[in-house]
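# Residue-level structure breakdown
One letter stands for each residue in the lines below.
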Amino acid sequence: MKDVITKEVVLNHNIDQVWNAITKAEEISTWFISADFKAKKGYKYLFTSPPNEKGCTTIGGEIIEASPYTLIYTWIVGDTTTETTVKWELKTTQEGTKLTLEHSGISNYEGETAVAMFESFNGGWDNCISGLTSYLKEEVNAG
C-alpha cells in the first residue's frame, strides 16, 4: 500500500500570499474548515467542521515545524488516536508559487482502515487544493 499522498500545484500568487493562506487561522477557515491554528512549533491546533457535515468533525495535532515556507504538523482525525503527518512546502517559481503537499504515515492505520483512509485523504486533499486555489483567485486577488 502507498503510504504517502503527494499533491503539487503551481499557483499564480506570490509565496507570501500562499503562505498566509495555509498558516493564518482566519484564511484557513475561509477555504477549509474552522481553524484554531498558529504556525508556531509546539502549537496544538484544531480544525472543526460544522455539525452535519459529511466526514470527520475534528482534526487536531501539533505543529512540528513552521519555518519560512515549510509547514509540518501531525494530523489526528477526531475519534481516532492514529497520528499521520502533513507537510506543506512552498517554492517561488517564474509562474508564482509551487506548492507541494505530502501526507504521510497513513499505514499507521490498521489493515483495511489504512486503505479507506488513504482514499479518503487523497480525495480530501484534492478538494482542499481546489478550495485553496479558488480562495486565492477570489479573495486574495480581490483585495
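Residues numbered from 1 in each chain as written. Predicted model: local features only at pLDDT ≥ 70, side-chain atom pairs only at ≥ 80, totals over all residues. Heavy atoms only, no water.

## Some details on helix H1 (residues 15–23)
Those residues of H1 that fall on the buried side of the exposure criterion are Ile15, Val18, Trp19, Ala21, Ile22 and Thr23. Its side-chain oxygen placed 2.9 Å from the backbone nitrogen of Asp16, Asn14 serves as the N-cap of H1. (Buried < 20%, exposed > 50% of the residue type's maximum accessible area, 1.4 Å probe, protein only. Helix = DSSP H or I, 4+ residues; strand = E, 2+ residues; numbered from the N terminus. Polar contact = N/O pair within 3.5 Å; in protein donor to acceptor, adjacent residues only side chain to side chain.)

## Regarding unusual backbone geometry
One non-glycine residue, Tyr69, adopts positive backbone phi at about 75°. Checked against the element boundaries, Tyr69 lands in the loop between strand E4 (58–67) and strand E5 (70–77). Backbone geometry places Asp79, a non-glycine residue, at a positive phi of 70°. Following the sequence through the fold, Asp79 ends up in the loop between E5 and strand E6 (84–92). Given a relative accessible area of 83%, Asp79 falls into the exposed group.

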